Amino acid sequence: MDVPDLDQGIDPELLAQAERLGISVVGMSETRLRLHLQKVDPAGGEERARRWAEENAEAIREHNERIAQRGLISDHFRRW
């Protein structure tokens, strides 16, 4: 019997983590799955966050440099 495709647009990494932990994702949204995984496997979420920051470090650095040089788009709205 074939296994039904449960892809509901959920991040494949979250699905893999749930499968490793034996968690059924049937009927779960990505948000609900992410929150549940944070509770039962906080180290997995921390690892994903660390990898994301590492993968995006250059873009974050460039963004911060641009803000430091030009300021924020909304600066002219500030009254303080």
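Note that the structure is predicted; figures quoted are calculated from it, not measured.

How each quantity is defined
- The residue numbers shown here count from 1 along each chain, following its written sequence.
- This being a predicted model, a pLDDT of at least 70 is required before a residue's local features are given, and a value of 80 or more before pairs of side-chain atoms are given or counted; all residues contribute to the totals for chains, interfaces and linings.
- Each side-chain value is derived from all of the structure's non-hydrogen atoms; neither hydrogens nor water enter the calculation.
- To qualify as a helix, a DSSP run of H or I must reach at least 4 residues; to qualify as a strand, a run of E must reach at least 2; elements of each kind are numbered from the N terminus.
- Per-residue accessibility, obtained with a 1.4 Å probe over protein chains only, is compared with the maximum for each type, and a residue is labelled buried under 20%, exposed over 50%, and partly exposed between these values.
- His residues and chain termini do not enter the charge count, which takes Lys and Arg as positive and Asp and Glu as negative.
- Throughout this description, the term salt bridge denotes a Lys or Arg side-chain nitrogen within 4 Å of a carboxyl oxygen of Asp or Glu.
- Any two residues whose heavy atoms approach within 4.5 Å are treated as being in contact.

**Student:** What's the story with the side chain of R48 in this structure? I'm lost.
**Tutor:** Summarising the element assignment, R48 is placed in helix α3 (residues 42-55). For the buried R48, no salt bridge is present, and the opposite-charge side chain at shortest range is E13, 4.6 Å distant. Setting aside anything within four residues of it in sequence, one finds R48 in contact with E13, L14, Q17 and R34.

**Student:** Sorry, what's going on with the pattern of salt bridges here?
**Tutor:** Should their charged atoms come close, side chains of opposite charge can pair. Tallied over the entire structure, the rule returns six salt bridges. Residues E30 and R34 are paired through a salt bridge, measuring 2.6 Å at the closest nitrogen-oxygen approach. Of this pair, E30 and R34 both sit in helix α2 (residues 30-40), separated by four residues, roughly a single helical turn. With a relative accessible area of 28%, R34 lands in the partly exposed category. The closest approach of N and O atoms between E65 and R61, which form a salt bridge, is 2.9 Å.

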